[in-house]
Amino acid sequence: MLPLLGTDDAAVAFFAGVADLDATDPASHELEEGIQLASGTRLEQFARAGSGDAFCFVGEGGEERPVVYVSLDGQAGPLALGLPELVRLCLVAPWWRDAPGRTAEELQRVADEYRDDLPDLDRRRDLAARALGIDPAELPSETTALARLVELSRGPVAEACLVVGYEGDPLDPLFDAAHL
């Protein structure tokens, strides 16, 4: 799936242009020095956001590995257990970065504003999904995708994906589980 995220026109248009996940040149993605998992497990950056934030696989293996997001603002946390789950999150809630600390009503306003800014969002999402071999009718709801972020921000996945910085101090949680 990763090669398609960086080469298929419909996938690139959606993921790099709408969801702010740019996987067009994975070889150029290099995690900032000193950023690592507390466990010492390998972090492999495979994509970036326009701001320079990093999408990283955890450990060794393929696209089934957990995915963490590391922001340049000193926040980090798990997003998905595998690239397919991350792709689905980005397809249904490309505005996921705006979720922390918001009520359901506020999240609906965020989603509505996103749709106002991108009136062809559903068409672009469906084209990208099909390009990746995903039936758009089988995508989770926004609520389900965001609930998964809450689940991953707690417990063993969050502990296994704890990112530390230069001094060995943990980065701030990407999602404060108490406020999601």
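Coordinates for the structure precede this section.
Note that the structure is a prediction, hence the values are computed from the model and not measured.

Rules of the game
Residues numbered from 1 in each chain as written. Predicted model: local features only at pLDDT ≥ 70, side-chain atom pairs only at ≥ 80, totals over all residues. Heavy atoms only, no water. Salt bridge = Lys/Arg side-chain N within 4 Å of Asp/Glu carboxyl O. Buried < 20%, exposed > 50% of the residue type's maximum accessible area, 1.4 Å probe, protein only. Helix = DSSP H or I, 4+ residues; strand = E, 2+ residues; numbered from the N terminus. Axes fitted to C-alpha atoms, helices over the stretch in contact; angles between N-to-C directions. Parallel < 35°, antiparallel > 145°, perpendicular 65-115°, else oblique. Left-handed = near helix turned anticlockwise from the far one by under 90°. Contact = heavy atoms within 4.5 Å. Phe/Tyr/Trp six-rings, centres within 6.5 Å; stacked < 30°, edge-to-face > 60°. Core = buried A, V, L, I, M, F, W, Y, C linked by side-chain atoms within 4.5 Å.

Peer 1: I tried to follow the pattern of salt bridges on my own but got confused; where do I start?
Peer 2: Note on pairing: side chains with opposite charge can pair once their charged atoms come close. Under the definition given, this model contains 12 salt bridges. The residue Arg124 makes a salt bridge to Asp120 at a minimum N-O spacing of 3.9 Å. For Arg124, a relative accessible area of 22% corresponds to the partly exposed category. Between Arg125 and Asp122 there is a salt bridge, with its nearest N and O atoms 3.0 Å apart. Placement of both Arg125 and Asp122 in helix H5 (residues 121-131) is noted, with a separation of 3 residues, approximately one turn of the helix. Asp122 gets classed as partly exposed once you look at its relative accessible area, which sits at 34%. Each of Arg115, Asp122, Arg125, Asp126 and Glu142 takes part in one network of salt bridges that share partners.

Peer 1: Hey, could you run me through the packing of helix H3 (residues 83-92) against helix H6 (residues 142-152) in this one?
Peer 2: Relative orientation and spacing of two packed helices are given, respectively, by the angle between their axes and the distance between those axes. At their nearest, the axes of H3 and H6 sit 9 Å apart, and the two run at 130° to each other. Between H3 and H6, the crossing angle belongs to the class labelled oblique. Where H3 crosses over H6, the two elements pack in a sense that is left-handed. On H6, the residues touching Glu85, Leu89 and Val92 of H3 are Glu142, Ala145, Arg148, Leu149 and Leu152.

Peer 1: Explain the packing of aromatic side chains to me, please; I cannot follow it from the model alone.
Peer 2: In this description, a pair of aromatic rings is defined by centroid distance and the angle of the planes. Using the criterion set out here, one finds 5 aromatic pairs in the structure. Plain terms: the ring middles of Phe46 and Phe55 are 6.5 Å apart, the flat faces sit at 50° to each other, and that makes the pair tilted. Comparing Phe46 with Phe55 shows no difference in burial state: the two are buried. Here Phe55 and Tyr69 contribute two aromatic rings whose centre-to-centre distance is 4.9 Å and whose plane-to-plane angle is 70°, an arrangement assigned as edge-to-face. Of this pair, Phe55 sits in strand E3 (residues 54-58) while Tyr69 sits in strand E4 (residues 66-70), and the two are 14 residues apart along the sequence. Phe55 sits in the buried class, given a relative accessible area of 0%. By the ring-pair criterion, three or more aromatic residues cluster together here, those being Phe46, Phe55, Phe57, Tyr69 and Trp96.

Peer 1: Which parts of the structure should I look at to understand the nonpolar core?
Peer 2: Note on soluble globular proteins: their nonpolar side chains tend to be buried together. With 44 residues, the main nonpolar core has Phe15, Phe55, Leu79, Leu86 and Trp96 as its most contacted residues. Once you skip the residues sitting within four places of it in the chain, Phe15 turns out to touch Leu5, Asp20, Leu21, Val87, Cys90, Leu91, Ala128 and Leu132. If you look at the next biggest cluster of nonpolar residues, it comprises 13 residues, including Leu37, Val68, Cys161 and Leu171.

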